[in-house]
Amino acid sequence: MATDHAAPTASEYIVHHLGHFSTKHQDKIVDFSIINMDTIFWSIFAGVVGCLFMYLAARKATSGVPGRFQAAVEMIVEMVDNQAKSIVHGDRTFIAPLALTVFVWVALMNSLDFLPVDMFSAFFHAVGLDSLITHHRVVPTADLNGTMGIALGVFALMIFYNIKIKGAGGFVHELFAAPFGIWLAPFNLLLNMIEFAAKTVSLAMRLFGNMYAGELLFLLIALLGSTATAFGFFGHVVAGTLWAIFHILIVFLQAFIFMMLTLVYIGQAHESH
């Protein structure tokens with residue numbers, strides 16, 4: 001954190017902005033006792049905004065010529081529903097709305113990356129909370145804890161639909177018998193466990209990696225603007241604008257990919273070997 005007497009170095013600036021408002025300082029790579037309060041707050045905030053967004057769309061829906069807002073929401077709903085139909089061959093009563101929720105929620109969480117990187121630190125300093133909230137990160141999907149939490153939810157749904165579609169006995173039999181036959185049961189079980197783990201971890205890491213890299217680039221661009229030169233200011237404006245425009249594609253593309261993989265993984269539960 002910068003003091004009143006000296007500006008932080010580039011490395012101190014980046015390290016500070018990559019820190020979380022947590023219950024305690026993390027001094028180990030893995031510590032499940034730590035809770036990142038900023039990740040939880042902004043995840044819930046994005047979820048509430050997403051629910052409000054869809055509620056307003058449903059409330060204002062008309063059978064006549066739709067307005068721009070209704071048309072945009074209908075395009076998203078139709079897109080997600082078409083993808084669900086093509087991937088999941090079974091009852092989609094719950095799965096299609098789930099995919100829509102995932103897409104909207106992840107897109108909103110990703111979109112928080114467009115907020116100025118120094119906005120909240122300046123706000124906390126202005127209201128005198130900088131000594132209490134020394135670190136704060138806004139983008140939940142740039143935190144591995146956030147993306148892994150969503151991925152674990154998808155993992156739970158994969159197990160649920162495997163048991164629901166195939167039955168507990170059928171699912172256990174498939175774990176031991178597929179894909180090489182029951183005579184290689186130990187190898188089949190190991191392979192299937194690795195497959196489930198790989199799906200969950202890769203789902204979380206893909207979203208986290210892309211959003212973390214995007215956040216880091218915004219910080220580097222902000223540092224470029226801090227140089228007291230015409231080139232620094234010009235480079236900050238140009239680079240920041242270009243990266244923000246390109247990042248719009250990344251934000252919605254990553255939400256779409258996460259939604260598609262969720263459908264694919266749940267859809268695989270409807271198929272048996």
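All values derive from a computational prediction rather than experimental measurement. (Residues numbered from 1 in each chain as written. Predicted model: local features only at pLDDT ≥ 70, side-chain atom pairs only at ≥ 80, totals over all residues. Heavy atoms only, no water.)

Asks: Summarise the confidence of the model for the chain; cite the residues concerned and give the values.
Replies: Considering every residue of the chain, the mean pLDDT works out to 88; 93% of them sit at 70 or more. The secondary-structure element of the chain with the lowest mean pLDDT is helix 1 (residues 10–17), recorded at 80, while helix 4 (residues 95–111) shows the highest, at 96. Low pLDDT (under 50) marks residues 1–5, which in the prediction has four contacts with non-local residues, meaning those over four places away or in another chain. (pLDDT = per-residue confidence, 0-100. Helix = DSSP H or I, 4+ residues; strand = E, 2+ residues; numbered from the N terminus. Contact = heavy atoms within 4.5 Å.)

Asks: Describe in detail the pattern of salt bridges, supporting the description with residues and values.
Replies: Summed over all chains, the structure comprises four salt bridges. Glu-215 serves as the salt-bridge partner of Arg-137, at 2.5 Å between the closest nitrogen and oxygen. Here the residue Arg-137 occupies a position in the loop between helix 5 (119–126) and helix 6 (144–177), and Glu-215 occupies one in helix 7 (residues 185–226), the gap between them amounting to 78 residues. The same class applies to Arg-137 as to Glu-215, namely buried. Among the ionic pairs, Lys-166 bridges to Glu-174, the shortest N-O distance being 2.7 Å. For Lys-166, a relative accessible area of 18% puts it in the buried group. (Salt bridge = Lys/Arg side-chain N within 4 Å of Asp/Glu carboxyl O. Buried < 20%, exposed > 50% of the residue type's maximum accessible area, 1.4 Å probe, protein only.)

Asks: Just give me the short version of empty space enclosed by the protein, but keep the residues and values in it.
Replies: All chains considered together, the criterion is met by two cavities of 30 Å³ or more. Considered as a void within the structure, the largest cavity measures approximately 280 Å³ in volume. Listed by contribution, the elements that provide at least two residues to the lining of the largest cavity are helix 1, helix 5 and helix 7. With three residues, the top contributor of residues to the lining of the largest cavity is helix 5. The class makeup of the residues in the lining of the largest cavity is 11 nonpolar, six polar and four charged. Looking at the second largest cavity, its volume works out to about 30 Å³. Surrounding the second largest cavity, Leu-203, Arg-206, Leu-207, Gln-254, Ile-257, Phe-258 and Leu-261 form its lining. In terms of residue count, the dominant contributor to the lining of the second largest cavity is helix 8 (residues 230–269) (four residues). In terms of residue class, the lining of the second largest cavity is built from five nonpolar, one polar and one charged. (1 Å grid on protein atoms, 1.4 Å probe; cavity = no way out; pocket = protein on both sides within 12 Å on 5 of 7 lines; lining within 4 Å. Points joined across faces, edges and corners; volume = space filled by probe spheres on them. Nonpolar A, V, L, I, M, F, W, Y, C, P; charged D, E, K, R; others polar.)

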